[in-house]
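Structure assessment
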Amino acid sequence: TGTLSASAARTGRIFGAAVASSHLTGDQQYANTLDTEFSGVTPENEMKWETTEPERGSFNFAPADIIVSHAQSHNMKIRGHTLVWYSQLAPWVNDIATGSELLQVMKNHIANEMGHFKGKIWYWDVVNEAFNDDGSRRSTNNVFQQKIGDSYIEEAFKAARLADPNAKLCYNDYDTDGINEKSTAIYNMVKDFKARGVPIDCVGFQSHMIVDQVPPDYQENLQRFAALGIDVQVTELDIRMSTPVSDADLQSQADNYQRVVKACLAVSHCNDITVWGVTDKYSWIPQYFSGQGAALLFDDNYKKKAACNLVIQTLTSG
Ligand code: G3I
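Presented here is a report on the structure given in the accompanying data block.

Calculation criteria
- Residues numbered from 1 in each chain as written.
- Predicted model: local features only at pLDDT ≥ 70, side-chain atom pairs only at ≥ 80, totals over all residues.
- Heavy atoms only, no water.
- 1 Å grid on protein atoms, 1.4 Å probe; cavity = no way out; pocket = protein on both sides within 12 Å on 5 of 7 lines; lining within 4 Å.
- Points joined across faces, edges and corners; volume = space filled by probe spheres on them.
- Nonpolar A, V, L, I, M, F, W, Y, C, P; charged D, E, K, R; others polar.
- Axes fitted to C-alpha atoms, helices over the stretch in contact; angles between N-to-C directions.
- Helix = DSSP H or I, 4+ residues; strand = E, 2+ residues; numbered from the N terminus.
- Parallel < 35°, antiparallel > 145°, perpendicular 65-115°, else oblique.
- Left-handed = near helix turned anticlockwise from the far one by under 90°.
- Contact = heavy atoms within 4.5 Å.
- Buried < 20%, exposed > 50% of the residue type's maximum accessible area, 1.4 Å probe, protein only.
- Core = buried A, V, L, I, M, F, W, Y, C linked by side-chain atoms within 4.5 Å.

**Focus: empty space enclosed by the protein**
For the structure on display, the rule yields one cavity of 30 Å³ or more. Taken as a whole, the largest cavity encloses approximately 40 Å³ of empty space. Lining the largest cavity are Ala-18, His-23, Tyr-30, Glu-44, Trp-276, Gly-277, Val-278, Thr-279, Tyr-282 and Ser-283. Here the lining of the largest cavity is composed, by residue class, of five nonpolar, four polar and one charged.

Here it is, written out as structure tokens:
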């Protein structure tokens, strides 16, 4: 009993979900579950560059506005996702000839998008997925890295601070949930940014995980980032398994979700847990990992899964 949002609020935390505008307007049960259970939203695709600036200088915020106004009218916090990412980028950006012009294009994009939503966004994912597994910068298919170089990340954060000084600014990535080469490279970048006064307020840990594979040092990893003087957030949590599901996997999934919640509760600067979808019905997983799914807290029929009940219980009583 109880809800995700109310139990998270007991310790001042937000419990959010990635939201798609099409389901929000097209599926009443989806909207009802969101409104009843969640206190935060992240637009799943609507704030990405291919949607918001499909042609140079021509902006489209209509799909994101649907989510933002819904969230505002239901008192939910909004995570902006995402300003600078190599993927779901408008194709024209890849054709910009020089680094200096691309830097202007990037700054202009940030100023316009953050300007449109100014005052409405809690945390922004300013830069997304800029590192490789080995800790090097991701260059493949990444025009920003290729044409501007490492400095595009700090330039993006500086532009973001100017565009909406009240929004908190995050770096967000995946497979960074435990202590490994990738998370350590990001840790070192944040440490350097803090030392040099580059504005950064938060690191987001996407936490797309596989059942029974939660890194044992998850909490320790969150803690070391928080110790740099930033907030940490669980931004895209899901824990996938083979389908059709087994009871044993569903039980393991519940235990795994509990581990993540306990880790966040143990770190005072972990103020948000966002799952990457409201319901298994619309999760991105089956499309990307064939034969896998059931990664979220509500099943295809919007029924609370064992994981959901255990998350609520853990948020309520620690
Ligand atoms: O826009 C087209 C639409 O025109 C077409 O009719 C439709 C047909 O399938 O496809 C639409 O594009 C889809 C797009 O989402 C927008 O809805 C793509 O097929 C689909 O593959 C794409 O997937 C998204 C994925 O990012 C793409 O990178 C997922 O919904 C979204 O959950 C996922 O989210 C990412 C985070 O942003 C960053 N971290 C990883 C996470 C999971 O991949």
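**A word on the packing of helix H10 (residues 218-226) against helix H11 (residues 247-266)**
Contact geometry for H10 and H11: axes closest at 9 Å, N-to-C directions at 30°. Taken together, H10 and H11 sit at an angle that is classed as roughly parallel. In this structure, H10 crosses over H11, and the sense of that crossing is right-handed. Across the interface between the two elements, Tyr-218, Gln-219, Leu-222 and Gln-223 from H10 touch Val-260, Lys-262, Ala-263, Cys-264 and Ala-266 from H11. Split by residue class, the contact of H10 with H11 holds six nonpolar, two polar and one charged.

**Notes on the environment of Glu-113**
Inspection of the secondary structure assignment puts Glu-113 in helix H6 (residues 99-116). Since its relative accessible area comes to 0%, Glu-113 is described here as buried. Glu-113 sits 33 residues away from Gly-80 along the chain, and the two C-alpha atoms are 9.8 Å apart. Excluding residues within four positions of it along the chain, Glu-113 makes contact with Met-47, Thr-52, Phe-61, Leu-83 and Trp-124.

**Let's talk about the nonpolar core**
In terms of nonpolar packing, the biggest core is built from 100 residues, with Phe-15, Trp-124, Val-127, Phe-144, Phe-157 and Leu-297 touching the most fellow members. Tallying contributions element by element places helix H8 (residues 152-163) first for this core, with seven residues.

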